[in-house]
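Each chain, written out:
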Amino acid sequence: MADAANPARLPSAPSAASRLPPPSPAALLAWYDRHRRRLPWRAAPGERADPYHVFLSEIMLQQTTVVTVGPYYADFLARWPDVGALAGARLEEVLSRWAGLGYYARARNLHACARAVVERHGGRFPQEEAALLALPGVGPYTAAAIAAIAFDRRAAPVDGNWERVVARLFALEETLPKAKARLKALALTLLPQARFGDFAQAMMDLGATICTPRKPACALCPWRKNCAAHAGGTPERYPLKAAKAARPTRQGIAFLVVRADGAVLVRSRPAKGLLGGMSEVPSTPWETQAPADPLAHAPLAAQWTALNARVSHVFSHFALDLALWRARVPAATPAPAGHRWVPRAGFEAEAFPSVMVKVLQYID
DNA sequence: TATGCGTGGTT
DNA sequence: TAACCAAGCAT
């Protein structure tokens, strides 16, 4: 394509769309006024949303569905009703309440961001996209989303929905993720003169309910007459995506140490990286090959039993296959260095990721 | 620009 | 059932 050889012409629309009338922001806003979804973090029509609500929901919604986020959002808001309360929380508690939601760096950054808002901005979120972008865990999308939705600033929060809608409108032949810059540039050309927050949410609602990844409901789309992909007959083809790498499998052994009173031996993972700061039962490293000498990594000497069960779990970039060994030890057994005993009643307060919830099914 | 980083629902 | 997908960010 000509544009690929000439990056300076980034915002130009591909020729496939050139013969259609341009999409009108007013048409989308009119559709939004009739079909807007009611979501817990949204303000009533015509009102501006609380920046903290927007912030909290946007962080939780990163790569996560609305249905999954719902209960977590309600719990966080009840527990920490404003940014000052969240800033005053302990990280361990934030992680324990985030447990199960995944991408745990978000929880660490959420907490760090709340503290930054208090320390740098006196407890009020900045309104400028650039200042928002400087906050921990706030990237280009989230900065634009807060600016537009909470402050009605002119901004284009280009998420997966926007990318899909824009790629189809222009029948963009470039593949993701390479196409991201061009999609953002094209998205900016769609912005209205006002109602930036409504427009942002309208694009997301359109992508979530009409311009869906599979079987888009083009007949109901306010922009069907402006859409090059629809005109071409294969809207589902867009956005084009680069091939993904295969997902390897790693092996490991998890050690369940159960004290006579029911307490279980637990440790915390390193603060960063996979499941950073989360709680786990001791285990071998998770590697391509199963450990040669299983009990060499056991946290303590005991009468170990290999369980006739395995735990499988899929992470974003590898699948994990865990063997399980269990030992029952006397009530007086001291916890090895770096470990702690957690009674059954203490599980709720622990930051166990989903894979550990699966493992802990086998303590009995 | 590519990779690391979770989870659960859908097809 | 394996693949795909969901309001991305940090490095």
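If you check an unreviewed UniProt entry, chain A appears there as Adenine DNA glycosylase from Ancylobacter mangrovi. Recorded in UniProt for chain A, the comment headed Sequence similarities (unreviewed entry) runs: "Belongs to the Nth/MutY family."

Novice: Now, about the protein's contact with DNA strand B: what can you tell me, with residues and values included?
Specialist: In the vicinity of DNA strand B there are 18 residues, among which Y104, L275, H313, H317 and S354 approach most closely. For DNA strand B, the backbone portion of the atoms within 4 Å of the protein, that is sugar and phosphate, comes to 65%. Measuring from a phosphate oxygen of DNA strand B, one finds a backbone N or O atom of S354 at 2.7 Å. Its residues assigned to classes, the surface near DNA strand B comprises eight nonpolar, eight polar and two charged.

Novice: Any chance you could break down the domain arrangement of chain A for me, citing the residues and the numbers?
Specialist: Per the domain assignment, the segments making up chain A are domain 1 (2–237) and domain 2 (249–362). Taking only C-alpha atoms, the centre of domain 1 and the centre of domain 2 are 38 Å apart. On the side of domain 2, 15 residues touch domain 1, which itself brings eight residues to the contact. At the boundary of domain 1 with domain 2, total buried surface from both sides reaches about 750 Å², with 53% on carbon and sulfur atoms. At the junction of domain 1 with domain 2, the criterion picks out one salt bridge. Here E348 makes a salt bridge to R97, at a shortest N to O gap of 3.2 Å. Sort the elements by how many residues they give to the side of domain 1 that touches domain 2 and helix α5 (residues 91–98) lands first, with three residues. Residue composition of the side of domain 1 that touches domain 2, by class: four nonpolar, two polar and two charged.

Novice: Describe the packing of aromatic side chains, and please don't skip the residues or the numbers.
Specialist: Scanning the entire structure with this criterion turns up 11 aromatic pairs. On the numbers, 4.9 Å between centres and 45 degrees between planes, the contact of F55 with F125 is tilted. Of the two residues, F55 sits in helix α2 (residues 51–61) while F125 sits in the loop between α6 (105–121) and α7 (129–133), which places them 70 residues apart along the sequence. Of the two residues examined, F55 and F125, each falls in the buried class. Measuring from centroid to centroid gives 5.6 Å for F347 and F352, while their planes differ by 75 degrees, and the two rings are edge-to-face. You'll find F347 and F352 in the same group, each marked buried. An aromatic cluster is present here, built from Y52, F55 and F125 joined pairwise through their rings.

Novice: Tell me about the UniProt feature "domain: HhH-GPD" (unreviewed entry) in chain A, residues and numbers included.
Specialist: UniProt annotation of "domain: HhH-GPD" (unreviewed entry) refers to residues 60–209 when read in the numbering used here. Here residues 60–209 runs as 64% helix and 0% strand, with 20 Å between its end C-alpha atoms.

Novice: How would you summarise unusual backbone geometry if you had to cite specific residues and measurements?
Specialist: Omega for the peptide link from L176 to P177 comes to 5 degrees, which places this bond in the cis form. Structurally, the position occupied by P177 is in the loop between α9 (160–169) and α10 (180–188). Following Y238, the chain continues to P239 via a peptide bond in cis, the omega torsion being -5 degrees. Among the secondary structure elements, P239 is positioned in the loop between α12 (228–232) and β1 (249–259). Positive phi outside glycine occurs at D152, with the angle close to 55 degrees. Looking at the secondary structure, you find D152 in the loop between α8 (140–151) and α9. Of the residues examined, D152 reaches a relative accessible area of 30% and is grouped as partly exposed. Here the phi dihedral of R195 falls at roughly 60 degrees; this positive angle occurs in a residue that is not glycine.

Novice: Which residues make up the protein's contact with DNA strand C, and what are the values?
Specialist: By nearness alone, 24 residues border DNA strand C, and G137, T142, D159, N161 and P213 come closest of all. Each atom of DNA strand C within 4 Å of the protein belongs either to a base or to sugar and phosphate, the latter forming 67%. The contact in question runs from a base nitrogen of DNA strand C to an N or O atom on the side chain of E58, over 3.2 Å. With respect to DNA strand C, the backbone of G160 contributes an N or O atom lying 3.2 Å from a phosphate oxygen. Listing elements by their share of the surface near DNA strand C, those giving two or more residues are α2, α8 and α9.

About the cut-offs
Residues numbered from 1 in each chain as written. Chains lettered and ligands numbered in written order. Predicted model: local features only at pLDDT ≥ 70, side-chain atom pairs only at ≥ 80, totals over all residues. Heavy atoms only, no water. UniProt positions renumbered as here; feature names shortened; annotations may be inferred. Near = heavy atom within 4 Å. Polar contact = N/O pair within 3.5 Å; in protein donor to acceptor, adjacent residues only side chain to side chain. Nonpolar A, V, L, I, M, F, W, Y, C, P; charged D, E, K, R; others polar. Domains from an automatic or database assignment. Contact = heavy atoms within 4.5 Å. Buried area = accessible area lost by both parts, 1.4 Å probe. Salt bridge = Lys/Arg side-chain N within 4 Å of Asp/Glu carboxyl O. Helix = DSSP H or I, 4+ residues; strand = E, 2+ residues; numbered from the N terminus. Phe/Tyr/Trp six-rings, centres within 6.5 Å; stacked < 30°, edge-to-face > 60°. Buried < 20%, exposed > 50% of the residue type's maximum accessible area, 1.4 Å probe, protein only.

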